[in-house]
Amino acid sequence: MNFTEYQFKTFARSSANYHNCSTPSADLNYPSFIALWESDIEQKNFPWFVKKFTRTVTNAGSGTDKYKAKVETPKNARISVSPQVLAFGKKYEKKSYSMTIRYRGDEKFSTNYGSITWVEDNGKQTVRSPISVHPVIEVWGS
């Protein structure tokens, strides 16, 4: 995913000096989303950061189910989801969607949270995925 060693250690919670991912992937099909953003701390330069995710989901409902995306947007972010409605024709059918996060950091280097919730037409079922937008701050000499 083109993460630096420091970025990988941030979400892997690891202090190991080397990591080897035998099967590199551009995107993991996890139910949650984390977008790491970098800034120039000294210049206080906060450009827009853009990260696109793709997910594939499986219908565990009764069959012909339709889900609509409801997004809780993290502070300082804009999120788009495509398609916004997933219409399944049968149980265990798979559908894919993409989500794009546009984020602008702040001087506090805040971590901000949101979510995407897929709500079934009749409201009986919901599927929620958390979203975290996190700064990468490299600390030298620590």
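Bear in mind the structure is a predicted one, so any value in this text is a computation, not a measurement.

(A) The sheet that holds strand β1 (residues 33-38), seen in detail. The 5 strands are arranged β1-β8-β7-β3-β5 in an open sheet whose pairing can be described as mixed. Whereas interior strands pair on both sides, the edge strands pair on one side only; in this sheet they are β1 and β5 (85-87). Along the sheet, successive strands turn relative to each other by an average axial angle of 20°, direction set aside. Of the strand pairs in this sheet, strand β3 (residues 66-72) and strand β7 (residues 112-120) are connected by 6 bridges, and their pairing is antiparallel. Residue K70 lies in a different strand from β7, and its bridge partner there is T117.

(B) Layout of unusual backbone geometry. Cis geometry is adopted by the peptide bond preceding P83, which originates at S82 and carries an omega value of -5°. The phi dihedral of N76 is positive, around 70°, even though this residue is not glycine. Within the secondary structure, N76 is located in the loop between β3 and β4 (77-82). N76 sits in the partly exposed class, given a relative accessible area of 31%. With phi around 70°, Y92 is a residue other than glycine that occupies positive phi space.

(C) Structural detail: the pairing of β3. As judged from the 3 bridges shared by β3 and β5, these two strands associate in the antiparallel manner. Bridging from a neighbouring strand, Y67 pairs with L86 of β5.

(D) Region of the structure containing the nonpolar core. If you look at the biggest cluster of nonpolar residues, it comprises 21 residues, and the most contacted ones within it are V81, M99, I101 and W118. Secondary structure elements with two or more residues in this core: β1, β2 (48-58), β3, β4, β6 (94-104), β7 and β8 (126-136). It is β6 that provides the largest number of residues to this core, a total of 4 residues.

(E) Structural view of the pattern of salt bridges. In the structure shown here, the tally under the stated rule is 1 salt bridge. The salt bridge involving E93 is made with K95; its shortest N-O contact spans 3.6 Å. Judged by relative accessible area, which is 26%, K95 ranks as partly exposed.

(F) How the structure looks around the environment of T111. If you trace the backbone, T111 turns up in the loop between β6 and β7. When the C-alpha positions of T111 and L36 are compared, they lie 9.4 Å apart, and in sequence the two are 75 residues distant. Ignoring any residue separated from it by four or fewer positions in sequence, one finds T111 in contact with S132, V133, H134 and P135. At a separation of 2.9 Å, a polar atom in the side chain of T111 contacts the side chain of H134.

Thresholds applied
Residues numbered from 1 in each chain as written. Predicted model: local features only at pLDDT ≥ 70, side-chain atom pairs only at ≥ 80, totals over all residues. Heavy atoms only, no water. Pairing = 2+ DSSP bridges. Helix = DSSP H or I, 4+ residues; strand = E, 2+ residues; numbered from the N terminus. Axes fitted to C-alpha atoms, helices over the stretch in contact; angles between N-to-C directions. Buried < 20%, exposed > 50% of the residue type's maximum accessible area, 1.4 Å probe, protein only. Core = buried A, V, L, I, M, F, W, Y, C linked by side-chain atoms within 4.5 Å. Salt bridge = Lys/Arg side-chain N within 4 Å of Asp/Glu carboxyl O. Contact = heavy atoms within 4.5 Å. Polar contact = N/O pair within 3.5 Å; in protein donor to acceptor, adjacent residues only side chain to side chain.

None of the figures reported here should be taken as evidence of function without further support.
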